[in-house]
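Chain and residue survey
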Amino acid sequence: LPYVKDRMLSLERCPDGMQGECFFQKQKPEGMPPGTPTARIAHTDDACKFTDYVVGGSLITELSLANLGCIAVHIMASRASSPRQPDWVCFDIDPESEKFSDAARAGLHIKAALELLKLVSFAKTSGSRGLHVLVPIRTGPDADEVLAFAKSLVARVAAAHPDELTIEHSVIARRGRVYLDPFRNGFGQTVVAPYSVRRREKAPISTPLEWPEVTPLLVPSDFNMRNFAKRLKRADPWSDFFRNRQPLKDAVRLLSKL
């Protein structure tokens, strides 16, 4: 609930279940209950066109999405009330291989760089082969500013570890290295919500982690629908996520001096 509340949702719908075809939907489905909260966003290339996004936060909304075959829920970095002002920075760490160990090492490089900028960060499994590192920030900077910061940081981290990491968007140009993707921070972009189940073998869950859990030995699919009730008995590793909102301007200034 804390991660979908007041956020615009992008829906990964699989009406025929885990084995069927899936599609992404941004426009509110017609089958949603009357009065479902929405937020209208104009298209960047045509202000006369718009999308009415479902806004999360209601149990009725979440149940209705499940009834429509929505397995994973993807969320924007901003609230519906201020769609261009994110309240987190997201780094999407995408290993070339299926080895999560590569993503774990890359995530620790990102964490170390953020610590140099005096930023507290939080990690979660993507629910697939990758890792997401999020930094809660105070609202204020525009999405373009946040994206510029993320691009600058990943470029510096990749340059410091050129044999392991890359910012090359082309898969061929990556040459087996881990891709550090800053573009989840672009306006309108989304990331799978913490605690969302994924349409993958074993139905893994995008799981918030303590940083000591981020090791090459971690197997993300071990967090799945079959056993996740046990995990939920533990304290939430992200319980203080939103209490750790940090000003981004100080980090931007520090980064420019490195």
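Rules used throughout
Residues numbered from 1 in each chain as written. Predicted model: local features only at pLDDT ≥ 70, side-chain atom pairs only at ≥ 80, totals over all residues. Heavy atoms only, no water. Salt bridge = Lys/Arg side-chain N within 4 Å of Asp/Glu carboxyl O. Helix = DSSP H or I, 4+ residues; strand = E, 2+ residues; numbered from the N terminus. Buried < 20%, exposed > 50% of the residue type's maximum accessible area, 1.4 Å probe, protein only. Disulfide = S-S within 2.5 Å. Axes fitted to C-alpha atoms, helices over the stretch in contact; angles between N-to-C directions. Left-handed = near helix turned anticlockwise from the far one by under 90°. Contact = heavy atoms within 4.5 Å. Nonpolar A, V, L, I, M, F, W, Y, C, P; charged D, E, K, R; others polar. Pairing = 2+ DSSP bridges.

A side chain with one charge can pair with a side chain of the opposite charge if their charged atoms come near. Applying the stated criterion across every chain, the model contains 14 salt bridges. A salt bridge links Asp-102 to Arg-105, with the nearest nitrogen and oxygen atoms 2.9 Å apart. Separated by three residues within a single helix, Asp-102 and Arg-105 lie in helix α2 (residues 100-116), roughly one turn from each other. Under the relative-accessibility criterion, Asp-102 is labelled buried at 18%. Arg-105 gets classed as partly exposed once you look at its relative accessible area, which sits at 35%. Look at the salt bridges and you will find they share partners, linking Arg-7, Arg-79, Asp-87 and Arg-245 into a network.

The subject of this paragraph is the state of the cysteines. Using the criterion set out here, one finds one disulfide in the structure. Here Cys-14 is linked by a disulfide to Cys-22, with a sulfur-sulfur distance of 2.0 Å. Taking the sign of the S-S torsion, about 115° here, the bridge from Cys-14 to Cys-22 comes out right-handed. A relative accessible area of 2% means that Cys-14 is categorised as buried. Free of any disulfide, Cys-70 has its nearest neighbouring cysteine sulfur in Cys-14, separated by 8.0 Å. No disulfide involves Cys-90; its sulfur sits 18 Å from the nearest other cysteine sulfur, which is in Cys-70.

Here we come to unusual backbone geometry. Across residues other than glycine, the phi torsion is negative in most instances, and most of the peptide bonds are trans. Even without being glycine, Arg-175 reaches a positive phi, approximately 55°. Turning to its location among the elements, Arg-175 is positioned in the loop between α4 (171-174) and β10 (178-181). At Tyr-195, a residue that is not glycine, the phi angle is positive and equals roughly 75°. As for its placement among the helices and strands, Tyr-195 is situated in the loop between β11 (190-192) and β12 (208-209). In this structure Tyr-195 comes out as partly exposed when scored by relative accessible area, which is 28%.

Right, let's talk about the packing of α2 against helix α3 (residues 143-160) for a bit. Relative to each other, α2 and α3 sit at 115°, their axes nearing to 10 Å. In this structure, α2 crosses over α3, and the sense of that crossing is right-handed. Facing His-109, Ile-110, Ala-113 and Leu-114 of α2, the residues of α3 in contact are Leu-153, Val-154 and Val-157. Considering only residue class, the contact of α2 with α3 consists of six nonpolar, one polar and no charged.

In space, the six strands of this open sheet follow the order β9-β10-β6-β8-β7-β12, with mixed pairing throughout. At either margin of the open sheet sits one strand with a lone partner, and together these are β9 (165-166) and β12. Inspection of the sheet shows strand β7 (residues 122-125) paired to β12 by two bridges, in the antiparallel sense. Residue Lys-124 lies in a different strand from β12, and its bridge partner there is Pro-208. Strands β6 (88-94), β8 (131-136), β9 and β10 of the sheet are contacted by α2, whose axis makes an angle of about 20° with β8.

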